[in-house]
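Report on the structure
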Amino acid sequence: MLGRRSANGLKVDQGDVRIPEKNIVEAAKFLTRASEAGLADAQYSLGLLYESGQGRPQDLVQAIDLYKRAAKSGHREAQLYLGLLAEADTEEKDGSVEAVAWYQRAAEQGRVEAQVFLGAKYRLGDGVEKNATEAAKWFRLAAEQGSAVAQQNLGMMLIAGEGLKMDAAEGVSWLEKSAVQNNLPAIGYLAAAYHSGLGVEENPAKAFELSKRGAVLGDRDSQLRLASYYRLGAGVERSEVDAAKWYLIAADAGHVEAQYRIGSMYVTGEGVPADPERAAIYLRLARDQGEEKASRLLIELYGRGLIEPASHDEGLLWVESAAVAGYPLAQFRLGSLLYHGDHLEEDKKEAFDWFQKAAAKGLAEAEYAVAAILLSQSSEDPTEAMEWLRRSADQGQVEAQVALGDLFASGLALGRPDWRSAVHWFRKAADLGEPVALYSLGRAYYHGNGVEQDYEAARRLFEASAMQEHLDSVLILAWMFEKGQGGPVQMKQAQSLYDDAAREGEPEAQYRLALFLFSGKGFGQDVGEAEKWLQRAAEQGHRDAQFRFASRLHERPLQNTDQVEQWYLRAAQQGHIEASFRLGVLWNEHDQEKASEWYRRAAEAGHSDAAFNLACLLINLGKEKSEAADFFHMVAETGDAQAKLNLGTMMANGIGVDQSEVLARDWFLEAAESGSAEAAYNLGLMMVMGRGGEVNLEAGKVWLNKAASKGDPLARALLGEMVAFEKRSMEAEPVQVESVKAAP
């Protein structure tokens, strides 16, 4: 039996002509002869063969021509099928009109499906003027022939009084007949009738059973109703678990209301374990089908911090909506986006407004953000900022606790450091495992600030912070291992930590690692690897590394002077005193003016050799000699014998200072006691001659002998003369300024 399935799912019987299965080509020949003889059944069946390409070349035009010939002969199957083809032709503007004409002819011959289609056309006004009475007439004719779809439509029209007199009882009876045939919409309408008592006595249990029947048959609307009956306890014992089960089945089948309902139940934990992320899955499905309630609930979940957006676009939509709705977490997030210009135009003022709104509602993160912005604007009076920090810190916000600790430790909180309060807040955050707090508390124990100094406690705290890859903690822990603070010396562990931090790009670690590799005090010496790490640290601006790298270049036989100077210069520009001194030495032979500038930088920072050389340069360049005397004085106070000698010489001769043989004799004494042979000679000479004090031949001889014993030729000569001419007055030889002291 040939057959076709219509667009609405009805099976259309296409005649009683049977096609021989053994030889369809022979069958086509038979049908052709019968068709030419005017047999309508043959024309219709041959049209099916042309349309499908069985036994004949596929030819839709020829097929339709055959259908029309059969239809004009009164073949109702051909008439029905032509109506279906006319409706399916999307390019034909009057397709519905043509379909109505063919349905009318087939319906008048009693074809049930045609009567149903024609009734639907009249009811909707599709291809024909809308006429509910005419629609009801055709539905009734089909219903009386047992069409479940017609029975459903007729029942609903009777209940509504559409096109005929309202008769709910008769309408329900037709729905009952349709439902018996498992027509799902009829089962649903009938369940609604029993639920509300429309046309029948109200019967929730009957409504429940009908909904369950439809649900089991796969009807999504019935599944939704069944879930609702379980949820409300209508016609059945209340069961949230069963309600969730059927909502879930309908939701997975694409029912938008069911998706919203099961999403809501995953939010509240009714009938299913609470699971905001799973809730979001179903709520998104419902939202994407236009369910506004689902969209609002998603925004609420985001606003409460229970879910995260699936994309930037969704996040931006949610954050703005939730912020406007008053959810503090969303207000904070919107403020963050605006503050950093992340996917929104940067607007720090508006960001601060949103932070304040969230902070006013007690959100700890927002309270901290408000405080941080206030501190960035002015740290002179942190009173308001500290109040916000306290509120945030009291809620366990570790960043606020650390910030409070820093304010107390730095003295900004009270105008003086308050380490006890600082330790209190650092400890609160450290107890929560915050790495910066662990580090800060460790430093307090390391230095004994606010607590008794305890290297062991400091070491434990640094270890806990280092395990979270806090680089400052890694560095100080390595130092403690290296120096044996808080435990035994552990060179290999120290080198391993320096290596870890060095590979993270930390310049101090790179420098310390280089020192280990140069010395071999950890895992062994490796000069090549050491120089690599030293250069890396230098290139990152580590001034000690720059100085040491320059020094190593300076020591090479074939040194590049320009390169040496550049690395000393980079270190000196960062305040490295010895590098400034070395630059002075490099320039000393070529440009003494420039050399004096670098000597001065180092000297003013307390470098005694630089001060000594600068003083000598000032004298040699004919510059202000009093300044030279000041620098010699500075060096002399460090115990430098040559500076003391030079200072005594300048005072003895009034060079850059008021002449004073008394003070000169004192400086010669200090220089001589520090081992200077020249000073011992000058002191002995002044004692013998009574310059700067009384004559003291015995003491003078003692100092002259000390100078002579150290090889001083003038002292030896003078002692010889004193032996030969012991009673004769002696005249002093001129005293000369010592030559410039060489750089070490």
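These numbers were taken from a predicted model, which means no experiment stands behind them.

With that settled, the discussion passes to the overall build of the protein chain. From N to C terminus, the protein chain includes 40 helices and two strands. Taken over the C-alpha trace, the protein chain has a radius of gyration of 52 Å; the compact-globule value for 744 residues is 27 Å, which it surpasses by more than 25%. By principal-axis analysis of the C-alpha atoms, the protein chain measures approximately 170 × 60 × 45 Å. Going through the 744 residues of the protein chain one by one, you find that 46% of them count as buried. Contacts in the protein chain between residues at least 24 apart in sequence constitute 44% of all its contacts with a sequence separation of at least 6. As displayed, the protein chain has an accessible area near 36,400 Å², and 48% of this comes from carbon and sulfur atoms.

Bringing the packing of helix H3 (residues 60–72) against helix H4 (residues 76–88) into the picture now. Interhelical geometry of H3 versus H4 gives an angle of 135° and a closest axis separation of 8 Å. As the angle between them shows, H3 and H4 are arranged oblique. Judged by the sense of rotation from one axis to the other, the crossing of H3 with H4 is left-handed. Within the contact between the two elements, H3 uses Ile64, Tyr67, Lys68, Ala70 and Ala71 and H4 uses Ala78, Gln79, Tyr81, Leu82 and Leu85. Of the residues in the contact of H3 with H4, the class split is eight nonpolar, one polar and one charged.

Turning our eyes to something else, we now look at a negative patch on the surface. A grouping of Glu320, Glu345, Asp347 and Glu350 is seen on the molecular surface, where their side chains present a negatively charged patch. Positionally, Glu320 belongs in helix H17 (residues 312–324).

This part takes up the side chain of Ser239. Note that Ser239 resides in the loop between helix H12 (220–232) and helix H13 (240–252). You can call Ser239 buried: its relative accessible area is 16%. Those residues within four positions of Ser239 in sequence are excluded, and the remaining contacts are Tyr230 and Arg231.

Next up on the list: the packing of aromatic side chains. Going through the model one piece at a time under the given rule, you end up with 15 aromatic pairs. Ring geometry for Tyr67 against Tyr81: centres 5.1 Å apart, planes inclined by 85°, an arrangement best described as edge-to-face. Separated by 14 residues along the polypeptide, Tyr67 in helix H3 and Tyr81 in helix H4 bring together distant segments of the chain. In this pair, the class of Tyr67 matches that of Tyr81, namely buried. Judged by centre distance (5.3 Å) and plane angle (90°), the ring pair of Phe208 and Tyr230 falls under edge-to-face. Here Phe208 is found in helix H11 (residues 204–216), whereas its partner Tyr230 is found in helix H12, with 22 residues between them in sequence. A single burial state applies to Phe208 and to Tyr230, both of which are buried.

Residue Asn182 is not a glycine yet carries a positive backbone phi of 60°. Structurally, the position occupied by Asn182 is in the loop between helix H9 (168–180) and helix H10 (184–196). Positive phi, close to 65°, is recorded for Glu469, a residue that is not glycine. Residue placement: Glu469 occurs in the loop between helix H25 (455–466) and helix H26 (471–483). Taking the relative accessible area as the measure of exposure, Glu469 reaches 68% and is therefore exposed.

Thresholds applied
- Residues numbered from 1 in each chain as written.
- Predicted model: local features only at pLDDT ≥ 70, side-chain atom pairs only at ≥ 80, totals over all residues.
- Heavy atoms only, no water.
- Helix = DSSP H or I, 4+ residues; strand = E, 2+ residues; numbered from the N terminus.
- Rg over C-alpha atoms; globule rule 2.2 N^0.38 Å.
- Buried < 20%, exposed > 50% of the residue type's maximum accessible area, 1.4 Å probe, protein only.
- Contact = heavy atoms within 4.5 Å.
- Areas by Shrake-Rupley, 256 points an atom, 1.4 Å probe, with all protein chains shown as cover.
- Axes fitted to C-alpha atoms, helices over the stretch in contact; angles between N-to-C directions.
- Parallel < 35°, antiparallel > 145°, perpendicular 65-115°, else oblique.
- Left-handed = near helix turned anticlockwise from the far one by under 90°.
- Nonpolar A, V, L, I, M, F, W, Y, C, P; charged D, E, K, R; others polar.
- Patch = residues over 30% accessible without salt bridge, like charges linked within 9 Å, V, L, I, M, F, W, Y side chains within 5 Å.
- Salt bridge = Lys/Arg side-chain N within 4 Å of Asp/Glu carboxyl O.
- Lys, Arg positive; Asp, Glu negative; His and termini not counted.
- Charge placed at Lys NZ, Arg CZ, Asp CG, Glu CD.
- Phe/Tyr/Trp six-rings, centres within 6.5 Å; stacked < 30°, edge-to-face > 60°.

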